[in-house]
Structures are given as C-alpha cells and as structure tokens.
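Here are the chains, one letter per residue:
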Amino acid sequence: MDTLENIKQQISDNTILLYMKGSPNAPQCGFSMRASQALMACGKRFAYVDVLSNPDIRTELPKYANWPTFPQLWVKGELVGGCDIIMEMYENGELKTLVDEAAAESEGGE
C-alpha cells in the first residue's frame, strides 16, 4: 500500500484521529502535547499516528490535507484543524461536542 492509500485508510478507519509528533502520553512537541491533552480531556478514545516515526506520512499528509503543520485532527473523515483550532474549540466547548457526537456515531455502528 502506498503512503497516500495508507493515509486514506487511517482516516476512514478511525472516527477520531490525531496526527501528531510523538504519542499522547509522550508528545514530542508543545503543539502536539496541547492538542492531545485537549482531546484526552474530552474523555473519548481516539487514534493517533506519530508522524516522527512515519516519515512518509509526515511528508505526504500535508499535501493531501492541504494543511502544512502538525498536529492535525481528523473527525469522521474531515480535517478539523491544527493546534490553534483544536484549543479554541476545546475552550469554547465545541471540541467535546464534536468528539462526543463522533464517538456516539461510531459506537452505534453507523
């Protein structure tokens, strides 16, 4: 499977997916740390991909997403945004609503 197909598969297979540097428990940059902490605070499971250990994804995803930086949050196949957007949504309550709705849909088998 080529890198682009792999990215598309990851996005379609995971309702809530964070492309980040490092992991939620060991982030490798401040932006990834803040984004993953905001997601964890929403209380739902989410998948992540460490772009530092996946250099092909790190190179190709910004082109596919038309978004140059990491982290990138994808919910239900749609790019939500990066750290600033994630934090703004977290602070105004939109992130929890989005994550709760997406998790409920995925648990319901839709």
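Residues numbered from 1 in each chain as written. Predicted model: local features only at pLDDT ≥ 70, side-chain atom pairs only at ≥ 80, totals over all residues. Heavy atoms only, no water.

Chemist: In this structure, what is going on with helix H2 (residues 30–41)? I would like to understand it.
Modeler: An α-helix turns once every 3.6 residues. As a result, residues three or four positions apart point the same way. Taking 1.5 Å per residue, 12 residues should reach 16 Å; H2 reaches 16 Å between its end C-alpha atoms and fits that length. When H2 is considered as a whole, its buried residues turn out to be Ser32, Ala35, Ser36, Ala38 and Leu39. With its buried residues spanning 155° around the axis, H2 presents them on a single face. Packed against the buried residues of H2 are strand S1 (16–20), strand S3 (26–27), strand S5 (72–75), helix H4 (83–91) and helix H5 (94–107). Directly beyond the C-terminal end of H2, a positive phi value near 80° is found at Gly43. (Helix = DSSP H or I, 4+ residues; strand = E, 2+ residues; numbered from the N terminus. Expected span 1.5 Å × (residues − 1). Buried < 20%, exposed > 50% of the residue type's maximum accessible area, 1.4 Å probe, protein only. Arc of directions from axis to C-beta. Contact = heavy atoms within 4.5 Å.)

Chemist: Looking at this structure, I do not really get the nonpolar core. What am I missing?
Modeler: Counting residues in each nonpolar core, the largest one holds 18 residues, and the members touching the most others are Ile16, Leu18, Leu39, Leu73, Ile86, Leu95 and Val99. Secondary structure elements with two or more residues in this core: S1, H2, S5, H4 and H5. (Core = buried A, V, L, I, M, F, W, Y, C linked by side-chain atoms within 4.5 Å.)

Chemist: Would you explain a negative patch on the surface in this entry?
Modeler: Together, Asp84, Glu88, Glu91 and Glu94 make up a negatively charged patch on the protein surface. Among the elements that make up the negative patch, the one with the highest residue count is H4 (three residues). Tracing the chain through its elements places Asp84 in helix H4. (Patch = residues over 30% accessible without salt bridge, like charges linked within 9 Å, V, L, I, M, F, W, Y side chains within 5 Å. Areas by Shrake-Rupley, 256 points an atom, 1.4 Å probe, with all protein chains shown as cover. Salt bridge = Lys/Arg side-chain N within 4 Å of Asp/Glu carboxyl O. Lys, Arg positive; Asp, Glu negative; His and termini not counted. Charge placed at Lys NZ, Arg CZ, Asp CG, Glu CD.)

Chemist: I keep staring at the state of the cysteines and nothing clicks. Help me out?
Modeler: Here, the word disulfide means a covalent bond between the sulfur atoms of two cysteines. All chains considered together, the criterion is met by zero disulfides. Not part of a disulfide, Cys29 finds its nearest cysteine sulfur in Cys83, a span of 7.8 Å. The thiol of Cys42 is not disulfide-bonded; the next cysteine sulfur, from Cys83, is found 13 Å away. The exposure class of Cys42 is buried, given its relative accessible area of 3%. (Disulfide = S-S within 2.5 Å.)

Chemist: How do you make sense of the layout of surface pockets when you look at a structure like this?
Modeler: Leftover empty space is mapped by rolling, across the atoms, a probe with the size of a water molecule. The space that makes up the largest pocket amounts to roughly 170 Å³. When residues of the lining of the largest pocket are assigned to their parent elements, the largest contribution, four residues, is made by H5. Within the lining of the largest pocket, the residues separate by chemical class into five nonpolar, three polar and three charged. (1 Å grid on protein atoms, 1.4 Å probe; cavity = no way out; pocket = protein on both sides within 12 Å on 5 of 7 lines; lining within 4 Å. Points joined across faces, edges and corners; volume = space filled by probe spheres on them. Nonpolar A, V, L, I, M, F, W, Y, C, P; charged D, E, K, R; others polar.)

Chemist: What's the story with the packing of aromatic side chains in this structure? I'm lost.
Modeler: Geometrically, a pair of aromatic rings is defined through the distance of the ring centres and the angle of the planes. Scanning all chains against the criterion turns up one aromatic pair. Look at Tyr64 and Trp74: their rings are 6.1 Å apart centre to centre, the planes differ by 20°, and that puts the pair in the stacked class. Here the residue Tyr64 occupies a position in helix H3 (residues 55–65), and Trp74 occupies one in strand S5, the gap between them amounting to 10 residues. Relative accessible area serves as the criterion here: at 6%, Trp74 is assigned to the buried category. (Phe/Tyr/Trp six-rings, centres within 6.5 Å; stacked < 30°, edge-to-face > 60°.)

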